[in-house]
Every structure is written in C-alpha cells, then in structure tokens.
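The residues making up each chain are set out below.
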Amino acid sequence: MSEQLKFIVQQLNMEPFRKNFNLITFDSLEPMQLLQILNDVLSEIDPKQAMDIREEMPEQTVKRMSSLLGMLKYKPPGNFSDVSSFRQGLVTGSKPVVHPILHWLLQKVPELKKRAYLARFLVKLEVPAEFLQDDIINDTYHQYEELVEGFKTYHKECENLRSSGFSTAEIRRDISAMEEEKDQLLKRVERLKRRVESVSNHQRMLEQARQLRVEKEREESLTHQKQEQKNQLFQAEQRLLRLQQQLKDLRQAAADAHPESLMKRLEEEIKINSYMVTEKLPKELEGLRRTVQYMQKVSSEPAMGQADLQEMEGKIKEVDSQINQLIEKKMMRNDPMDDKLTLYRQQASIIIRKKESKAEELQEAREELAAAEKELKQRSSQGQGSNGEEVIRGDELKRLVAKLRSKGTTYKKRRQELAELRAEYGVLQRTEELLRQRHDIVQQKLQTVEAQKGISGYSDTQEELERVSAIKSDLDEKKGRTLDDMSEMVKKLNSMIVEKKSALAPIIKELRSLRQRRVELNQEYEEKKAQYESCAAGLESNRSKLEQEVKALREEMAQNENRYHYINSMSEIIEMQIQRAAGEMKAYVSSDPQEKKKTIREVYMKNIAEQELLGKKLREEQKVVRENHSANMEQMQMWRDLEQLMECKRQCFIKAQNQVSIGQVIQEGGEDRLVL
C-alpha cells in the first residue's frame, strides 16, 4: 500500500498535474478533495471531464466517473466486486476505492488518452428498434456506421504511418535538399541553353538527340525482355526434359508391375492413409482448435497493462516452483519400475516422432508429385504446335540440348563480362556524379566567400571571360575577322584581367592573414583534442576494469550460490538415505519377529519363495499338458471330422429341399424313408 501511495504522489507532483504533495499531505486529504484530484486525472485523459465537482450532484459525478471508467475497462479490486459497494465508496470518496483507481490511471495515462479519444468516435449510439423503422433515421444510422468504419481505417493508416519511422523533419530536409538540387540543375540547364543557342540548327539537333535517347532506352528494354525470354525458354526446356524422364520412369515402373506388387503397394497406401486419417490429421486438427480457442480467449480479454503483466509473471514463477518441487519429489521417490518404463517411453516417443516426420515428408512428396503431373500436362498441351504436331524427341532433341548447353555457357561468359562492364560503368558514373557534386559545392563555397569578401561575381567573371573568348573564336571563324581586330580584343581582355587582379590584390592580402589565423586555431584545436582523448581513454580503461571486476564477482557469487544449494540438497538426500538405512538395520537387528518381517530383506525373501512355488506349479501344469497333448490333438481332429460330416449333411438337406418334390421323406427312429 505504501508503494502505491508513493507512486501516486510521485506522478501527481510531475507534469501536467504539479500538485506538490507528500505522503502525509496526500493521506490527510478530505474525501471531496480526493474526488477532485480523481476528476482532474480523468480530465487529463478526457478533457470533457474538466469541471468542479462541487457544482455537480454526487449522483451525477458517480455516474459520469463510472461510465468513463467502464469505457476505459477498469476492473475494481476483489473486495469491491459488488457494484453497489463500489459506487457507494466512490460517492463517499473512500480511500480504498479512490487510491486503486488513481494508481491504475496514472500507470497508463497515454494509453488511456488514446482509448478515450477513440471511444468518442467508436462507441456507437443506441437507437431503439422502433425508431429505425423510419427510412430517414435508418439511412442516417447506416451513414453513421459507415463513417465509424471509415474512421477505423483512417486511424489504422495514421498509426501505421506514425510507426513506420518517417520523420517530418527528415522529409523537410530532403525536400529542401531536392529543391536546392533542382535550382542547381535549372541553372546548369540555362547555361547550357545559352551555349547551345549560338549554334546553328540547335532545335533540330536537340530533337534528334531526344529521339536517339528514346530509341536507346527502347533498345535496352527490348534487349532485357529478349534476355528474360531466353532464360525462361531455357528453364522451360530443362524442366520439360526432367518431366519427360520422370514420365518415362513411371511408365517403365507401370509396365514391370505385377498383381502382387500392386496389392502390396495398395496395402501400404491404405495403411499410410489410415494413419494419416486416424492419428496425424486429428492431432493437427485438435492442435489448431486449441490454438484458435486460445487466440479467441486472448482476444476476448481486455488489454493488459504493466501491473497485469507483473501479476502473470508472478503466477508463472509460482507454477515453475511447484513443478520443480514435484520433480524433486519424483527424484526422491526413485522407483526402479519407473526407470525401466522411462526407456520404453523414450523409445516410443522417438518412434512416434519419426513416424510423424515420415508422414509429413510423404505428404510433401505427394503434393510435389501432383504439381509435377499438373505441370507436365500443361507443358504437353503447350508443346504441341498449331497443327497438332508433337515435340521433337530422340537424337534430334539430344543434339538440340547439347547445342543449347554450349550456347548457354557462351551466354553465361558474355553475361558475366557484361555485368563486370556494367559494374565498372556504374562506378564511373557514381564517381562522375560525386565529382560534379563536389564541383557544385566548391562553386557554392566560392560564391559565399566572394560575397563575404565583397568580390561576388569573380568566378562568374572568369566564366564570362571564357564565354567571351569562345564567342570570339566562333565569331572569328564565322565572320573571318582580321588579325588586328583579334589583337585589339586580346588587349581589351588583358586590360580587363589586369583591372580585376588589381581589385583583388588587397582582398588576397587580407585572406593570407586569415589563413595564418586559421592554421594557429587548428593547432590549438588539435592540442585540446589530444588532451581530451587521453583523459577519456584513461577514464574508459578504469571503467572497463571496474566492470570486469564486478562481472567476475557476480559470476563467483552465482557459482557459490549454486554450489550452496547443491550441497544442501545433497545433504538432505544423504540424510534421508541414512535414516532409511538406520531404520532397516534397526528392524533387522530387532528380536521382535513382527518387526523383522517389515524389513526389505524379509519382504524380498518372501516374494522369491512365492515366485518359486508359482514356477513349480506352472512346470507341473506344463508336464501334464505335454503328456496329454497327443490324445487331445486326436480328439480335436475327431471333432473337426464330425463337424465336417454334419456340415455335409446340412448341405445335402438344403439341396434336397430346393429340388422338385418327387416323394415324401419320413423320419422315424433316426431313419429317413422316401415314400413315392
């Protein structure tokens, strides 16, 4: 009870309650204050319950709380199984009633919040049957049920998405990264478009390049489809050969079959089928039924919390201890007959397991045989041509198979080479992509550095210079400018470069000082990092040593405990054996004849004497049977002959009765006379 109060006070002092209780103040609360705290906890689970209970009638408060607790599937303790006593305790704010409710609620607040939220939408309204006779009300109620079912599906999808591991922050980061990549790609496309626009007939060349890419993709897909169809054809032919060989073997086995072998085979099949029907299948069916009953029982029970799981674990431990006690009692008893029977039981269980495994293997083999026969029929029906021609066989089929094998080996080599080339191409493509990404990152860093230094556009100016030089060369080739114009353009470009270099000179000087500062900071960082790593390594080594020592001590303690329990149990067993031997010795030495008769030696001697007398009687009976054997056999043969004679007479009499009556048979004095 004190642990329960500690847990309640601890939870009430935390978020979102913040009550600042201790054990004394909480235990000294008035019933009305205790009910108000219970109502606050319920309002945290269901916001509709938030109110001051002083403004509400006690009956309404109890009804509202009872309905919510019933919806949350709360079970009162065993001493409050009566509903009326539980409600009375809830009305008066009794501590034995309210404290367990608070303990149960505070243990599973998030779970109960979810259950209360779902109950708002899943607890159906009860509409009387006479109202449902109205068409409008009936249609509205059906729409309401459909909306409830839709809410169930949407809630399940929402829970699956929440538990799938997707994070909105990660998705947003991925979206922002993709947007940045998209912007970079758009910029690159724009630059490429500007470069291409200067080329004559660029639209026609772009269209041709697009068509070429489409045709290459189509060629790759067709090549892939062709390769897959070749593989499927080769596999189908190999399977057809195997099935034909199996069919040939089956036909040979059927041709060599004799009536005796067929009868034996049928008898074996009958025995196997009878075993499957009478033993194996009923056991499996019973096991499945027990599993279904167990699942139904589990599904019908309410959801279990941490307290219920702990209670179940305690019960399991108690049952395990009882089982161990029974095993120890059985070992103490140590009946020799049980030891002898144990061997036979083990052999019987091994035979039963082997029998069941062989039955399962037989069932699987039958299923495979049925599937192979079905596929053989399909292949034989597909193997015929459109004119009903059969598939080629014999030497031609062997030559075709050898040819296909040689082509298959060649194809495997080529496919391996192609796979290696594709792998190398993938590596090169990935390398190119990484280099492009690094180039883009370097370009972005360069732009940021230029913006920080106030020289933004320097790299763009260089690209612009390159573009201008390219345009210049193109224009020179197209328009045939003179060498003087080209030299003038070079002078202009050189003057522009000199101007840019003079503008960048002070910034470069400042950058050199910053680089020196960066080198000094890096050295200081490396020194601090080395100190930290050395300190962390020392602490880690000390911790690992302490952990190893603790682990060794725990193992030693566990071994000593096991040895202590083993020695105690062995000492108890030895004491029992000593007591038993002392009692036997006391009875054997005793002068009382009645006491001597109780000794094990006297009991065994008595049993031996009885068995010897019984063996003597049985030997005498065996001697009598052997002496009278020949006479008894002759007498038995005479009785058989008499039985055959009487049977013959009966058959003759029946035949005479069935024939047409010629006269009348009169029986007198054991004689038969025929009167015509």
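Note that this is a predicted model, so its numbers are computed, not measured.

Engineer: Mind showing me how you'd approach the overall build of the chain here?
Structural biologist: Helix and strand counts for the chain stand at 19 helices and two strands. Of all 676 residues assigned to the chain, the portion counted as buried reaches 12%. Contacts in the chain between residues at least 24 apart in sequence constitute 56% of all its contacts with a sequence separation of at least 6. Carbon and sulfur atoms make up 56% of the accessible area of the chain, which totals about 56,700 Å².

Engineer: Whenever I open this one, the packing of aromatic side chains confuses me. Can you help?
Structural biologist: Between two aromatic rings, the relevant description is the distance of the centres plus the angle of the planes. Inspection of every chain in the model, using the stated rule, returns three aromatic pairs. Ring centres of Tyr141 and Tyr144 lie 6.0 Å apart, and the angle between their planes is 40°; this geometry places the pair in the tilted category. Highlighted residues: Tyr141 and Tyr144, both in helix 8 (residues 135-163), separated by three residues, approximately one helical turn. Accessibility expressed as a relative area gives 18% for Tyr141, which makes it buried.

Engineer: Explain the UniProt feature "coiled-coil region" (unreviewed entry) in the chain here, please?
Structural biologist: The residues that UniProt annotates with the feature "coiled-coil region" (unreviewed entry) are residues 168-253, 309-382, 411-438 and 508-563. Secondary structure over residues 411-438 splits into 100% helix and 0% strand, and the C-alpha atoms at its two ends are 40 Å apart.

Engineer: It is not clear to me how the pattern of salt bridges should be interpreted in this structure. Could you clarify?
Structural biologist: Where charged atoms from two side chains of opposite charge approach closely, those side chains can pair. Enumeration over the complete set of coordinates arrives at eleven salt bridges. With a closest N to O distance of 3.8 Å, Arg517 and Glu520 form a salt bridge. Taken together, the residues Arg517 and Glu520, both in helix 16 (residues 483-589) and three residues apart, mark about one turn of the helix. According to the relative accessible area criterion, Arg517 is partly exposed, its value standing at 48%. Glu520 sits in the partly exposed class, given a relative accessible area of 39%.

Engineer: Quick question: what am I supposed to make of a negative patch on the surface here?
Structural biologist: On the surface, Glu179, Glu180, Glu181 and Asp183 cluster together to form a negatively charged patch. Mapped onto the secondary structure, Asp183 falls in helix 9 (residues 168-197).

Engineer: Hey, could you run me through a nonpolar patch on the surface in this one?
Structural biologist: On the surface, a cluster of nonpolar side chains totalling about 480 Å² of accessible area is made up of Tyr566, Ile567, Met570, Ile574 and Ile578. Checked against the element boundaries, Ile578 lands in helix 16.

Analysis parameters
Residues numbered from 1 in each chain as written. Predicted model: local features only at pLDDT ≥ 70, side-chain atom pairs only at ≥ 80, totals over all residues. Heavy atoms only, no water. Helix = DSSP H or I, 4+ residues; strand = E, 2+ residues; numbered from the N terminus. Buried < 20%, exposed > 50% of the residue type's maximum accessible area, 1.4 Å probe, protein only. Contact = heavy atoms within 4.5 Å. Areas by Shrake-Rupley, 256 points an atom, 1.4 Å probe, with all protein chains shown as cover. Phe/Tyr/Trp six-rings, centres within 6.5 Å; stacked < 30°, edge-to-face > 60°. UniProt positions renumbered as here; feature names shortened; annotations may be inferred. Salt bridge = Lys/Arg side-chain N within 4 Å of Asp/Glu carboxyl O. Patch = residues over 30% accessible without salt bridge, like charges linked within 9 Å, V, L, I, M, F, W, Y side chains within 5 Å. Lys, Arg positive; Asp, Glu negative; His and termini not counted. Charge placed at Lys NZ, Arg CZ, Asp CG, Glu CD.

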